[in-house]
Each structure stands twice: as C-alpha cells, then as structure tokens.
Amino acid sequence: MTNCPRREAAPKFRRGAPPRVLSDSSVQHIQTEGALFEAVQLARLFPDSKTFVDAVPLFPTEEIQAAYDALLASGARFDLRAQLELWFELPIRNPGVPVRADSATSYIERTWERLTRTATSVPAGSTMLALPHPFLVPGGRFDECFYWDSYFTALGLVKQGRTDLVQGIVDNLVHLQQTVGLIPNGSRTYLATRSQPPVLSLLVGLLADPTRYVDALLAEHALWTSPERTVIVGGVPMSRYLGGENTPRPESFAEDVATNGGSTTPCSLFAHLRAGAESGWDFSSRWLDNPDDLATIRTEDVLPIDLNCLLALLEHSIAALGDRAGRNDLQEFRQRALRRAEAILTHFFDPDAGWFTDLEASTLAHRPQLSLAGMVALAARVADGRTAERTRRTLIDRFLAPGGLRTTLRDTTQQWDGRNGWAPLQWWAIDGLRAYGFTDEAETVRTRWLRTCDTGFAQDGVLLEKYDVDDPGLRAEGGEYEVQEGFGWTNGVYIALSQE
C-alpha cells in the first residue's frame with residue numbers, strides 16, 4: 001500500500017462535523033461500503049463505476065452479505081458479475097425508444113418527459129434519497145436530482161411555462177437541506193456529504209413568491225460561511241469547497257484509488273478529489289499543481305472566484321427578499337454583499353492576466369490557471385468598468401473559439417478544461433457580458449454556442465452534456481466517463497438562449 005503523494009504544506013483549517021444524513025441513515029448500503037463493494041469496484045466489473053452504487057438490492061443486504069461470504073469461504077471459483085445480476089437490480093441508462101425530432105427545440109420538448117421523475121417511495125436498500133415533488137434528472141448515467149444542474153435546467157422550463165416543475169425542484173432542494181443538513185451534490189446517500197455551487201438564490205429568483213425561502217437562503221449562507229470553510233481576505237470571509245470525508249468517492253472508487261497509486265488508505269488526496277466534485281468542476285486544471293497530473297489536486301487549498309461571486313449574489317438576494325418580507329433584521333446582508341464584492345474586485349482580479357482568478361488560500365496569490373469561472377464575476381456584477389473591459393478583452397482574445405467559449409486555456413485529460421464547452425459557463429459568460437453593455441460580444445458567444453448545439457444535434461439526433469468548441473463536429477472528450485446524452489442543463493440553456 002502506498003501513502004498519499006507528498007505535497008506542499010496546506011493551510012490549517014478547522015473542520016466541522018460532516019453533514020448529517022438523516023434520510024435512510026440507519027441502512028448499511030452494501031453497494032457503497034464493505035468488502036463486496038470494494039471487490040466489485042476494484043475489479044471494474046462495470047464500465048462505469050456509478051453502476052453498482054446505483055443498483056437496488058433484490059434481497060435484504062444481510063442475506064446478500066451472507067451469500068457472498070459463503071461463496072468466499074467455499075473456495076470455489078464463481079462469476080461475481082453473474083452473482084450481482086441475481087442479487088441486484090442494475091440501473092438501465094436511457095431506457096425506452098430513442099427520442100426522435102426534427103429540431104433541437106422539439107427534441108428538448110420531448111426529452112423533458114424522459115428526464116422527469118415523479119415523487120415515489122424509495123426501494124429498500126436503495127442509495128436514492130426520497131423527494132416529495134416531481135423533479136428532473138440530468139440524463140444518461142445521472143438518474144437523480146443534481147443541485148447546480150437544476151438551475152440551468154430551470155431556465156428552459158421557465159421559458160416553456162413549466163413553473164410547476166421549477167417550484168417542485170426548489171421545494172425538493174429545501175427538503176434535502178432540512179433533512180440532510182445541506183443541499184447535497186445529488187439526491188443519493190453517497191453524494192450527501194458534499195454540496196455543489198450555491199445557486200439556490202438564483203433558482204428562488206425564478207419563482208413568483210421567493211420570499212418564503214428566506215430561511216433556506218440563510219441556512220445556505222451559514223453553511224458556506226462556516227469557519228471551517230472560510231479564509232479572511234481583505235477583512236471578508238471568503239469561502240472554499242470541502243470534500244467532507246478523506247476516503248475515495250463510492251461512485252468513483254476505482255478511479256480515486258488509482259489516482260492514489262492503488263492505496264485505499266484515507267488521506268488528504270481523497271478529500272481534495274471530493275472537494276473537486278463539490279465544485280462541479282470535476283475535474284479541472286484549475287485545481288491542479290501539475291495540469292497533467294490529477295494526483296496534484298488541491299481543491300481545498302483554493303479560494304474559487306465563482307463560488308465567492310455566487311455568495312455575493314446570495315447575500316444580495318437575502319437582503320432584497322428580506323425587504324420584501326418585512327425582515328428588518330436582514331439589512332446587514334446588503335453590506336455583506338458590498339464588502340464581498342469590493343474584496344473580490346481588489347484581491348481576485350489579476351491585472352497582469354486581465355482576469356478574475358482563483359486564489360491560493362494560504363498566501364492569497366493568484367492561481368496561474370485562467371478559467372471561464374472568472375466570468376461569474378461579471379455575471380455577479382462585482383467588476384467595475386475598467387476590470388470588466390479588461391476581462392472582456394481577455395475573453396475574446398483567449399477564450400473565444402469557433403463553437404463558443406473554452407473552459408480553460410489548456411487542453412488536458414480532464415473534462416472541465418480546454419476545448420470542452422459547457423452550457424452553464426456559456427450562460428454565465430453571456431449574462432456577464434450583457435451586464436456591462438458588451439452586447440455584440442454576448443451575441444457572438446450566444447450565436448456560436450447555439451450553432452454548436454445545432455451541429456451536434458444534426459449529427460447525432462440528441463443534445464449532449466458538453467461540446468468541443470474548437471471543432472464542433474467532434475465529440476468532447478476527457479474525464480471519468482463518456483459524454484452523456486440528455487442533457488438537462490444543455491436543454492435548459494439552449495431554450496433560454498434561443499427563445500429570447
């Protein structure tokens with residue numbers, strides 16, 4: 001067994017207790033822990049490591065464990081994959097007849113039904129967390145509600161008059177917040193120790209009566225500004241992502257162990273990988289010391305520009321909704337938002353790069369990897385005229401590609417890098433450009449991205465999770481799994497941008 005890779009000393013943070021998982025917390029999920037789980041994942045019996053953790057036991061887990069132990073004790077050779085098919089109902093991805101349509105818009109309208117899940121009881125032993133209202137899943141391998149995906153999906157639903165679904169999505173997220181202790185990465189028990197980019201205030205802003213969610217927004221703010229998550233920058237607590245645990249992710253167990261040189265021993269590397277998953281950017285060179293080596297990931301040691309801009313929006317929303325709800329006790333959040341915006345402008349903008357960057361948490365130095373996350377500073381309206389103009393220039397000169405905007409300036413084997421283009425990042429960039437009057441540049445990005453989606457649809461008859469913006473005729477690559485069909489946030493952003 002090897003140890004964690006050596007790395008520079010990280011700053012000291014006080015860790016709080018991991019979030020509590022109240023839903024189904026008393027059940028041992030044989031698909032996510034124990035000897036059988038590790039044997040299945042390390043043997044890579046399925047092409048996708050997420051397959052087994054999403055399987056549903058057909059028998060009580062103690063009976064499955066006893067049967068497995070008996071097979072091991074017998075010394076006889078047996079086909080573990082065949083046994084799993086007897087013991088579990090394995091997930092089926094994209095079941096049913098393929099969606100056929102003559103345009104991307106009509107494809108999306110028909111795909112919403114396929115991506116919608118009703119509020120049903122959860123089978124015994126499942127890793128799914130029960131939700132009280134209908135919701136949408138991203139698609140493909142992702143058959144549960146995901147936090148930040150939901151906002152971009154909702155953008156399209158609102159355009160098409162499906163505010164009922166958006167209301168249910170928000171109420172489900174608040175339900176998870178109240179039962180799990182945070183809004184989790186996704187509605188699975190194994191995803192419940194980490195969150196995702198805090199977009200609840202943006203989702204609430206899509207509803208007719210957002211004031212009823214003030215307490216949920218306050219709980220969200222308390223999570224992200226807790227002492228273990230924050231570092232003082234310019235007198236303001238700035239936040240970071242945390243992994244929640246220092247063990248391999250169950251849904252990527254084999255991949256994480258391989259990154260750690262084959263060792264399953266708990267260590268900081270696994271916490272950084274989990275924090276990268278919490279960021280939604282799993283994974284990207286923005287978290288790596290060596291862009292070509294995932295084992296150099298240091299997500300927990302980084303203060304992300306996009307996270308802190310989203311928190312400025314959250315603080316502004318709390319103050320605004322407090323006014324509407326007659327909550328005089330929330331006036332301080334307006335000042336908090338202003339102080340955060342000023343600190344972001346002062347410390348996160350790199351004048352040499354002409355870009356809003358991530359910071360090293362220990363030294364507050366600018367991280368060298370420029371990423372499209374910097375455009376969230378414009379979307380959050382924290383830039384001034386000078387920095388907005390510098391950012392616009394850098395965006396057009398360095399990030400703009402024939403099919404939209406590149407995610408970072410370096411191609412790597414990670415999916416949140418280089419020529420891979422993602423709908424949520426295109427949306428925030430377009431919104432940020434418009435906020436500062438750069439309408440021509442916003443229209444250029446909008447037109448190129450929609451054309452990329454249309455080109456892909458003409459070739460494949462589907463919309464996808466991500467696209468190659470350097471050559472829209474090619475499939476995007478990188479990451480731990482194949483590019484997925486569906487796809488919630490691509491659908492939502494496409495409708496929002498094409499039906500303006």
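As a starting point, this report considers the structure included with it. These figures come from a predicted structure and were not determined experimentally.

**Re the overall build of the protein**
Summing up its helical and strand segments, the protein has 18 helices and 14 strands in all. Taking 500 residues into account, the globule formula puts the C-alpha radius of gyration at 23 Å, and the protein, at 22 Å, falls close to it. Projected onto the principal axes, the alpha-carbon positions of the protein cover approximately 75 × 55 × 50 Å. Expressed as a percentage of the 500 residues in the protein, the buried residues total 58%. Counting contacts in the protein only where the partners sit at least 6 residues apart, residues at least 24 apart contribute 69% of the total. Surface summary for the protein: the accessible area is close to 19,300 Å², and the carbon and sulfur share equals 50%.

**Quick word on the packing of helix α1 (residues 35–42) against helix α4 (residues 80–87)**
Remark: α1 packs on α4, axes separated minimally by 11 Å, with the N-to-C direction vectors making an angle of 125 degrees. Here α4 runs oblique to α1, going by the angle between their axes. Between α1 and α4 lies a crossing of left-handed hand. Taking contact as the criterion, the partners of Leu-36, Ala-39 and Val-40 in α1 are, on α4, Leu-80, Leu-84 and Trp-87. Taken together, the residues of the contact of α1 with α4 break down into six nonpolar, no polar and no charged.

**Some words on the nonpolar core**
Membership of the largest hydrophobic core comes to 149 residues, with the highest contact counts inside it found for Leu-36 and Trp-428. If one sorts the elements of this core by residue count, helix α12 (residues 305–324) sits on top with eleven residues. Leu-36 has contacts with Ile-30, Phe-52, Ile-64, Tyr-68, Leu-80, Leu-84, Trp-87 and Phe-88, leaving out every residue within four places of it along the chain.

**A short note on empty space enclosed by the protein**
Throughout the structure, instances matching the rule amount to three cavities of 30 Å³ or more. Its volume calculated, the largest cavity comes out at about 300 Å³. The wall of the largest cavity is formed by 24 residues, among which Arg-141, Phe-142, Phe-146, Asp-282 and Tyr-481 lie closest to the centre. By residue class, the composition of the lining of the largest cavity is ten nonpolar, five polar and nine charged. Put simply, the second largest cavity is a space of about 50 Å³. The wall of the second largest cavity is formed by Leu-136, Val-137, Pro-138, Phe-146, Asp-149, Ser-150, Thr-153 and Ile-169. When residues of the lining of the second largest cavity are assigned to their parent elements, the largest contribution, three residues, is made by helix α6 (residues 147–159). Its residues placed into classes, the lining of the second largest cavity shows five nonpolar, two polar and one charged.

**What about the pattern of salt bridges?**
Summed over the entire model, instances satisfying the criterion amount to 39 salt bridges. Across the salt bridge formed by Glu-255 and Arg-44, the nearest N and O atoms sit 3.8 Å from each other. A residue pair is termed long-range when its members are at least 10 positions apart, and Glu-255 in helix α10 (residues 253–259) and Arg-44 in the loop between α1 and α2 (50–53) qualify at 211 residues. Look at Glu-255 and you get buried, because its relative accessible area is 16%. By sharing partners, the salt bridges in this structure join Asp-289, Arg-298, Asp-301, Glu-360 and Arg-367 into a single network.

**Focus on the layout of surface pockets**
With a probe scaled to a water molecule rolled over the atoms, the places where space remains empty come into view. Approximately 630 Å³ is the volume found for the largest pocket. Looking at the largest pocket, it is lined by 30 residues, and the ones nearest its centre are Val-56, Arg-117, Met-128, Asp-143 and Arg-188. Classifying every residue of the lining of the largest pocket by side-chain character gives 16 nonpolar, seven polar and seven charged.

**Some points on the packing of helix α16 (residues 423–435) against helix α18 (residues 488–498)**
With their axes 8 Å apart at the nearest point, α16 and α18 run at an angle of 30 degrees to one another. The angle between α16 and α18 falls in the class roughly parallel. Contacts between α16 and α18 involve Ala-423, Pro-424, Trp-427 and Ile-430 from the former and Trp-489, Thr-490, Val-493, Ala-496 and Leu-497 from the latter. Its residues placed into classes, the contact of α16 with α18 shows eight nonpolar, one polar and no charged.

**Things to note about the packing of aromatic side chains**
Under the definition given, this model contains 22 aromatic pairs. Ring geometry for Trp-148 and Trp-428: centres 6.2 Å apart, planes at 35 degrees, overall tilted. On the criterion of sequence distance, the pair formed by Trp-148 in helix α6 and Trp-428 in helix α16 is long-range, its members being 280 residues apart. Grouping residues by exposure puts Trp-148 and Trp-428 together as buried. Ring geometry for Trp-416 against Trp-489: centres 6.1 Å apart, planes inclined by 90 degrees, an arrangement best described as edge-to-face.

So, how was this worked out
Residues numbered from 1 in each chain as written. Predicted model: local features only at pLDDT ≥ 70, side-chain atom pairs only at ≥ 80, totals over all residues. Heavy atoms only, no water. Helix = DSSP H or I, 4+ residues; strand = E, 2+ residues; numbered from the N terminus. Rg over C-alpha atoms; globule rule 2.2 N^0.38 Å. Buried < 20%, exposed > 50% of the residue type's maximum accessible area, 1.4 Å probe, protein only. Contact = heavy atoms within 4.5 Å. Areas by Shrake-Rupley, 256 points an atom, 1.4 Å probe, with all protein chains shown as cover. Axes fitted to C-alpha atoms, helices over the stretch in contact; angles between N-to-C directions. Parallel < 35°, antiparallel > 145°, perpendicular 65-115°, else oblique. Left-handed = near helix turned anticlockwise from the far one by under 90°. Nonpolar A, V, L, I, M, F, W, Y, C, P; charged D, E, K, R; others polar. Core = buried A, V, L, I, M, F, W, Y, C linked by side-chain atoms within 4.5 Å. 1 Å grid on protein atoms, 1.4 Å probe; cavity = no way out; pocket = protein on both sides within 12 Å on 5 of 7 lines; lining within 4 Å. Points joined across faces, edges and corners; volume = space filled by probe spheres on them. Salt bridge = Lys/Arg side-chain N within 4 Å of Asp/Glu carboxyl O. Phe/Tyr/Trp six-rings, centres within 6.5 Å; stacked < 30°, edge-to-face > 60°.

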